[in-house]
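Inside the fold
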Amino acid sequence: MAQESVDAEQVIETDYLCTKNVQVAEKILSSGKPTIIACQQQAAFFEELCNEIAVEGKSDPKLTTTDIRDRAGWTDDISAYAKQAALLSEVKLTGPLTPFKEITSEGVCLILGDDENTLDVASKLKDELAVTVLMSRDIGELSPRGEVNICNGKLKTVTGSLGNFKVLVTEYSELNLHGRGSVSFGEKRKEASSECDIIIDLRGDNPLFPSSEKRDGYLRRDPKDRVGLESVVLEAINLKGEFEKPVYVRFEEAKCAHSRASRSGCSRCLDICPTNAISSNGDSVAIDPYICAGCGSCSAVCPSGAANYDDPPFTFNLQRITNLRSVFKKYDRQVEPRILFVDKDFGMELITLSARFGRGLPADLIPFDIPNIELISHAEILAALASGFSEVIIVTKEVPTFSSLKLQMNICMSILAHCGPESQNRLRLIETMDIETFENEIYSKNHSKKIVEPVLLLGEKREITRTAVKAMIPSKNAIELPETSPYGEILVNTDKCTLCLACVSLCPTNALEDNADRPELNFTETACIQCGICSSTCPEQAITLRPRLNLNNEALSQKVLNSEEPFECISCKRPFGVKSTIERIVAKLENNHWMYQDSKKLDLVKMCDDCRVNAQYHEENSPFKYGEKPKIRTTDDYH
């Protein structure tokens, strides 16, 4: 089974591979053949063994490590062979490389604090980093350190990240350098600005940044925590040098539906980014890759596909989902697998603790690790169900009230409500740090049968969502979704709509289009992402959004939202404008406005652009006339 799942030439079963049987590993690795060791816990040991073999010149070992013991081997169930095969098969999947940006930190360090501990930390760092201490009050009885630069001031603004912090300080003053008497600071300056690579915050106050633990280069400790102060010294020293920062999100500005012509639209990513790495940039947003911590929330909520998580991308996750299910079923045709979404830190640690000290995972529950639980969108959940998994379980410590995951689950719950009795409990969220609670939940199985026969899923998130839901609910026409969902229609009040078509000109996805032959507003529902630009643009406030997923084929084609007869120019008979609008304007102006007492003036309103200009030009006293053109002079005029 294991041999087939990874296309291996040979399978060796052994215990204590990292201790008394290490010669077995050394022999295989020395052969130079690609080797898979199913032990993730001792991955660092086997990597070191490979390095030793390479240094000795025996060969160039090609090693891959994976874990099937914690995830599948240690379980209260009798066997988990099918799951082990599925997990091993992932070794064959090669994800695309994540792009990186270079970060250079020269070790310029700013320490914020007001007590003796702050100066102690500065003294320990002075030989490794270029240290400046900024205090917000008088130094008082503290003993200055001659080798440490100390200044005084109030921190006004701080921006940036590792290698590129920008600091603005008000009421800035530097320490007076003298040897006797009380310590004092010099003359204050109104403002001073500077740059640094690292910031150590020992103020014991609120953090300088939202989600500060995710801001590279920003180290915050309680000034009374002696252990924390020791650790921050080592951590700061390790932040000097050159680093590679993954570019987690691939952003396509042309697809962004944030705004058009200063009319506000989608702000989902701005509202949800925990680190403030996203800012408005006119018609689109801008994502700072140096501040982005890679949570993936923006990718989960982006309705247009402008923000795509790249570590790994959605297409690779989809490939993993379908592969896990198909390999599992290859070796176990009686049981329908379930999938467990976990993050690589908390979730995988919980699985390990359960395997070692508890019941372990059930044999039918396949763990699916991702960098952050917040990057899961409704598309991954629905794709898992449409691929043949009978249940989807998500585990995390705690989900914030305002979370992308909450919205994604609400979308799925609205859909599952139409998939048959109790189908909503095919999707569960487990919020716990307790192993026993976790195990009770995962061993409680709500469904043993899949919701639908597996379907082929191709395309981006929107296409996959539609394909998956149509397979699960073939007879349903439309499903109402919660607000801010990325699918839906727009409703137009035809009594208010004047067919000005301002909405058409600003629609970022061309869901709204006009008709070249007549005043008409057309709409394609599958293209609508519910960004709201049309609603905020409409001068008559005639447009409202209606989030829903329309499974009917009519959603793929245009439908007319509003249409009227064009007005015929009274001069050339060419259709132009909207008949009801022209007639309404004429009715309001006739006998009510001094400029239009003359019927000829009123006729101008009833003309197309070309005829109107022509008529105005030939009017008596026309402002377009400049008199008779002067005769051209020639040399004959001077003889």
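The following refers to the structure shown. From a predicted model like this one, the values you see are computed outputs, not experimental measurements.

In this model, the largest pocket occupies a volume close to 1600 Å³. V11, I12, I36, I37 and A38 are the residues nearest the centre of the largest pocket, which is lined by 43 residues in total. Elements with a minimum of two residues in the lining of the largest pocket: α2 (22-30), β1 (34-37), β2 (62-65), α4 (69-73) and α5 (81-89). Of the residues contributing to the lining of the largest pocket, the split by class is 24 nonpolar, ten polar and nine charged.

Ranked by size, the top nonpolar core spans 72 residues in total, and within it F341, V392, I394, I415, V469 and M472 carry the most contacts. When sequence neighbours within four positions are dropped, the list of residues in contact with I394 reads F341, I373, I376, I381, L405, M409, L427, R428, L429 and I430. V131, V148, L162 and L175 belong to the second largest nonpolar core, which has 25 residues in total.

Two quantities define a packed helix pair, namely the angle between the helix axes and the distance between the axes. Where α5 meets helix α10 (residues 314-331), the closest approach of the two axes is 8 Å, and the angle between their N-to-C directions is 140°. Viewed along their axes, α5 and α10 adopt a mutual orientation that is oblique. For the pair α5 and α10, the sense of crossing is right-handed. On the side of α5, the interface is formed by A82, K83, A85, A86, L87 and S89, while α10 contributes N323, L324, V327, F328 and Y331.

What follows is about the pattern of salt bridges. Scanning the entire structure with this criterion turns up 35 salt bridges. Notably, a salt bridge pairs K156 with E191, separated by 3.2 Å at the nearest N-O pair. Pair noted here: K156 is in strand β6 (residues 149-159) and E191 is in strand β8 (residues 189-196), with a separation of 35 residues, a long-range link. With a relative accessible area of 37%, E191 lands in the partly exposed category. A salt bridge links E525 to R548; the nearest nitrogen and oxygen atoms lie 2.9 Å apart. With E525 in the loop between β25 (518-524) and α17 (533-537) and R548 in strand β26 (residues 543-550), this pair connects stretches of sequence that are 23 residues apart.

Attention now moves to the sheet that holds β25. The strand order across the open sheet formed by three strands is β24-β25-β27, and the pairing between neighbours is antiparallel. In the strand order of this sheet, the two ends are held by β24 (512-515) and β27 (558-563), each with one partner. When strand polarity is set aside, the average angle formed by the axes of neighbouring strands in this sheet is 35°. Relative to β27, β25 runs antiparallel, the two being bridged by five bridges. Its bridge partner being in β27, L521 is matched across the sheet by N562.

Turning next to the pairing of strand β16 (residues 284-287). As paired elements, strand β15 (residues 278-281) and β16 share four bridges and run antiparallel to each other. Note on β16: the bridge partner recorded for S280 is V285. From the end of β15 to the start of β16, which pair antiparallel, there are two residues, and G282 there has a positive phi angle of about 85°.

What follows concerns α2. Among the residues of α2, those classed as buried are A25, L29 and S30. Projected onto a plane normal to the axis of α2, the buried residues spread over an arc of 125° and lie on a single side. Among the structural elements, β1, α3 (43-55) and β2 are those in contact with the buried residues of α2. After α2 finishes, the residue G32 shows a positive phi value of roughly 85°.

Cut-offs applied
- Residues numbered from 1 in each chain as written.
- Predicted model: local features only at pLDDT ≥ 70, side-chain atom pairs only at ≥ 80, totals over all residues.
- Heavy atoms only, no water.
- 1 Å grid on protein atoms, 1.4 Å probe; cavity = no way out; pocket = protein on both sides within 12 Å on 5 of 7 lines; lining within 4 Å.
- Points joined across faces, edges and corners; volume = space filled by probe spheres on them.
- Helix = DSSP H or I, 4+ residues; strand = E, 2+ residues; numbered from the N terminus.
- Nonpolar A, V, L, I, M, F, W, Y, C, P; charged D, E, K, R; others polar.
- Core = buried A, V, L, I, M, F, W, Y, C linked by side-chain atoms within 4.5 Å.
- Buried < 20%, exposed > 50% of the residue type's maximum accessible area, 1.4 Å probe, protein only.
- Contact = heavy atoms within 4.5 Å.
- Axes fitted to C-alpha atoms, helices over the stretch in contact; angles between N-to-C directions.
- Parallel < 35°, antiparallel > 145°, perpendicular 65-115°, else oblique.
- Left-handed = near helix turned anticlockwise from the far one by under 90°.
- Salt bridge = Lys/Arg side-chain N within 4 Å of Asp/Glu carboxyl O.
- Pairing = 2+ DSSP bridges.
- Arc of directions from axis to C-beta.

Functional significance is not addressed by these values, which are geometric in nature.
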